[in-house]
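# A look at the structure
As a plain string of letters, each chain reads:
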Amino acid sequence: MDENDLKRYTVIVGGGSGILFQPLDDTKTYILTARHILYSDIENERGQKIGDELLAEVNFSYSNDQSNKIKFEIRKGENYFEHDNADAAILILEENLGFDQIFIDERTIGFDSFSLTGYPESKRKANDQYDRQVIKSLISSDENLISLRLVVDHLDHNQITGFSGGGILKLNGDSLLLAGIQSKTPIGDCNGEIQVVPIKRFEEIVDANNNLSKLIPNYFSKIDLLVNTIIEFNQSNPLVINKFKAAFKIQSKQIKCELKDFYKNSIISKSSILNTSLKSKAFWMSFIEYALIISLLEDQEFNEELFSKISKSRKFIFSDSNENIYNIYRDVAYFASENIDEQCQILLATTGSATTERTRRMPLEKVPKSIFNVDDKESIDRITTRKKIKEIIHIKAIEYDCLNNNEENFNAFEEDQFDEILTEIKKLINEFFNN
């Protein structure tokens, strides 16, 4: 991707701008924009503003055909959704326009290499109405508004008006990152400062409307972003850390999947005790860690087919509960007991590591019976099915209790003996799971 893609993803929306974004539903394209450009003022007989009202329709144009105005009939709650307390709105186009290499970035600091893109009033009569202003630095930020300073320290009013709804965009290799949308422009000239609605406000629009498809986070763009965090091995002996890191980095190439495709997988939707966890980075980091472990255990590529097959015998479950570990086991045993084989091993990921070896691996027969409750949700059938679970293994047990406890096995290998190190890791993991 190059700077032309910043323009390609930026559209004209009425007197302002907008950003094209394909959500997880690949049959739709969103236009993310500023709410205020879709409203007109209501004035009294004296010409004084007494309110505003949503437009019945708005014209928009693509960057490669700017003179072609496409009419969009606004139907609130159907193809138009807005934020109650922020200058944020989403228009929904019922088609896939191929704008699928853009991802949201929830940052509130560090805006180097970001730009404001849009169609200012000063260029609306030019053949090419597009413009871009480079971001210089952050002035301030909170959860409601981000103030940024432009490299250009002065823009006349007609040079900044029209940028409303434009994106705060950054090139990210073969993709784009979207951190926010330009809010209302100054009444007068712009002295190098702009106000931006954080992208999180647009996520809140989606979350408040169950029929809307999710915005795709930036870590979905490259699995490596998650892998690099997972394989830090902070609890391992410094003498073996680099050996582990190199081996797992190579093994990560065996994960053959697009996370946005996995997001739609029916098994994934039943892998988290709380539905809200599916949109968290912690969930997907844990899932990639699980994928790495399974690819080593099965000695083959990890893809959706393998995931569907292995989930019945080695099931992934995520919990972000703050309750004690025994209450987590109770919830996990109940939640995981659907659609599993006899002697199923549950691989449990949590937001915090189990602190002892005893709590990182627990046969279900040793889970205190007193933690289970027979209530309306736990039917007799579910109690019977639960007995298929052999044990619950915390996902960090593989690092702490399998690899770290056998670190001397790797002393004979040099750091560049990748094949030998991987072979030893596979052997240890197989012994660990089949013990």
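Right above here is the structure, for reference.
Figured I'd write up the structure that's included with this text.

Reading the values: the criteria
- By convention here, each chain's residues receive numbers from 1 onward along its written sequence.
- pLDDT decides what is reported in this predicted model: residues at 70 or higher carry local features, side-chain atom pairs at 80 or more are listed and counted, and totals for whole chains, interfaces and linings draw on all residues regardless.
- Excluded from the side-chain calculation are hydrogens and water; included are all heavy atoms of the structure.
- Think of it this way: DSSP has to see at least two bridges between two strands before they count as a pair.
- Runs of E in the DSSP output that reach at least two residues are strands. Runs of H or I that reach at least four are helices, and both are numbered from the N terminus.
- Each axis is a line fitted through C-alpha atoms, and for a helix only the stretch in contact is used; angles between axes span 0 to 180 degrees, taken between their N-to-C directions.
- Note on contacts: a residue pair qualifies if any of its non-hydrogen atoms lie within 4.5 Å across the two residues.
- Take the buried residues of types Ala, Val, Leu, Ile, Met, Phe, Trp, Tyr and Cys, join any two whose side-chain atoms come within 4.5 Å, and each joined set is a nonpolar core.
- Partly exposed describes any residue whose relative accessible area lies between the buried limit of under 20% and the exposed limit of over 50%, with all areas from a 1.4 Å probe on protein chains only and scaled to the type maximum.

### Overview of the sheet that holds strand S19 (residues 361-363)
Two orientations exist for strands paired in a sheet by backbone hydrogen bonds: parallel and antiparallel. In spatial order, the strands read S17-S18-S20-S19; together these four strands make up an open sheet with mixed pairing. A strand with exactly one partner marks an edge of an open sheet, and here the two such strands are strand S17 (314-319) and S19. For this sheet the average axis-to-axis angle between neighbouring strands, irrespective of direction, equals 20 degrees. Where S17 and strand S18 (residues 344-350) come together, six bridges link them in parallel fashion. Of the residues in S18, the one forming a bridge with Ile-317 is Leu-348. In the packing of helix H7 (residues 281-298) onto the sheet, the strands contacted are S17 and S18, and the crossing angle to S17 comes to about 160 degrees. Running over the sheet, helix H9 (residues 325-335) touches S17, S18, S19 and strand S20 (389-394) and is turned about 130 degrees from S18.

### Side note on the nonpolar core
Within the largest apolar cluster, 73 residues are counted, with the highest numbers of intra-cluster contacts made by Ile-168, Ile-194, Trp-284, Phe-287, Tyr-290, Phe-302 and Ile-425. The element contributing the most residues to this core is H7, with eleven residues. Contact partners of Tyr-290, with chain neighbours within four places excluded, come to Phe-302, Phe-307, Ile-310, Ser-311, Arg-314, Lys-315, Phe-316, Leu-347 and Ile-395. Counting residues in hydrophobic clusters, the runner-up holds 44 residues, among them Leu-38, Phe-60, Tyr-130 and Leu-169.

### Overview of the sheet that holds strand S7 (residues 70-73)
A sheet is described by the order of its strands in space; here seven strands give the open sequence S7-S6-S1-S2-S3-S9-S8, paired in antiparallel fashion. Each end of this open sheet is capped by a strand with a single partner; those strands are S7 and strand S8 (80-82). Along the sheet, successive strands turn relative to each other by an average axial angle of 30 degrees, direction set aside. Pairing analysis gives four bridges linking strand S1 (residues 10-13) to strand S2 (residues 16-21), with the strands arranged antiparallel. Bridged to Ile-12 within S2 is Ser-17. Across the sheet, helix H3 (residues 199-208) touches strand S3 (29-33), S8 and strand S9 (89-93), and the angle it forms with S9 is around 60 degrees.

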